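A closer look at the structure
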Amino acid sequence: MNVLLVDDSASMRKIITRALKNCGFNSVVQADDGSQALAYAEAERFDLMLIDFNMPHPNGLEAIRLLRLREFTAPIILLATEADLERHREAMAAGANGCLRKPFADDTLRSA
């Protein structure tokens, strides 16, 4: 499975990539902002996308909206450091398939 991981923190991308590999996802493409994520999504097919909420150009919520407007159908999980029910609702309305609160355990990622 090909995964797109979008987070503006290089250290967080490294941690999440390690967790993805522990869960059996060996192909992980990393983007450091929303515009880079959109460009990668146009160029390559992804089976799963993990997108951070707090990032620039555009933020995670807007990136999800844009991906869905462009009819990308891969499951999208929004990553956030805050456990906010309103943010979860916004993400689901934008087209996310789920939300994960960072940091998370490998088992939590696997079940999501």
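Preceding block: the structure.
Residues numbered from 1 in each chain as written. Predicted model: local features only at pLDDT ≥ 70, side-chain atom pairs only at ≥ 80, totals over all residues. Heavy atoms only, no water.

**A few points about the overall build of the chain**
When helices and strands are counted, the chain shows five helices and five strands. Ordering the α and β elements of the chain from the N terminus gives β-α-β-α-β-α-β-α-β-α. Whereas a compact globule of 112 residues would reach a radius of gyration of roughly 13 Å, the chain reaches 12 Å, a difference of no more than 12%. The dimensions of the chain, computed from C-alpha atoms along their principal axes, are 35 × 30 × 25 Å. Taking all 112 residues of the chain together, 46% fall into the buried category. Considering only contacts in the chain between residues 6 or more positions apart, those separated by 24 or more positions represent 58%. For the chain, the accessible surface area stands at approximately 5,800 Å², while carbon and sulfur atoms represent 50% of it. Where the 13 positive side-chain charges of the chain centre and where its 16 negative ones centre are 4 Å apart. (Helix = DSSP H or I, 4+ residues; strand = E, 2+ residues; numbered from the N terminus. Rg over C-alpha atoms; globule rule 2.2 N^0.38 Å. Buried < 20%, exposed > 50% of the residue type's maximum accessible area, 1.4 Å probe, protein only. Contact = heavy atoms within 4.5 Å. Areas by Shrake-Rupley, 256 points an atom, 1.4 Å probe, with all protein chains shown as cover. Lys, Arg positive; Asp, Glu negative; His and termini not counted. Charge placed at Lys NZ, Arg CZ, Asp CG, Glu CD.)

**Comments concerning the packing of helix H3 (residues 60-69) against helix H4 (residues 85-94)**
At a minimum axis distance of 8 Å, the contact between H3 and H4 shows a crossing angle of 20°. Here H3 lies roughly parallel to H4, going by the angle between them. With respect to the hand of their crossing, H3 and H4 are arranged in right-handed fashion. Counting all contacts with H3, which are made through Leu 61, Ile 64, Arg 65 and Arg 68, the residues of H4 involved are Glu 90, Ala 91 and Ala 94. Grouping the constituent residues of the contact of H3 with H4 by class yields four nonpolar, no polar and three charged. (Axes fitted to C-alpha atoms, helices over the stretch in contact; angles between N-to-C directions. Parallel < 35°, antiparallel > 145°, perpendicular 65-115°, else oblique. Left-handed = near helix turned anticlockwise from the far one by under 90°. Nonpolar A, V, L, I, M, F, W, Y, C, P; charged D, E, K, R; others polar.)

**Quick look at helix H2 (residues 34-43)**
The complete set of buried residues in H2 reads Gly 34, Ala 37, Leu 38 and Ala 41. Angular distribution of buried residues about the axis of H2 spans 100°; they occupy a single face of the element. In this structure, the buried side of H2 is in contact with strand E1 (2-6), strand E2 (27-31), strand E3 (48-52) and H3. (Arc of directions from axis to C-beta.)

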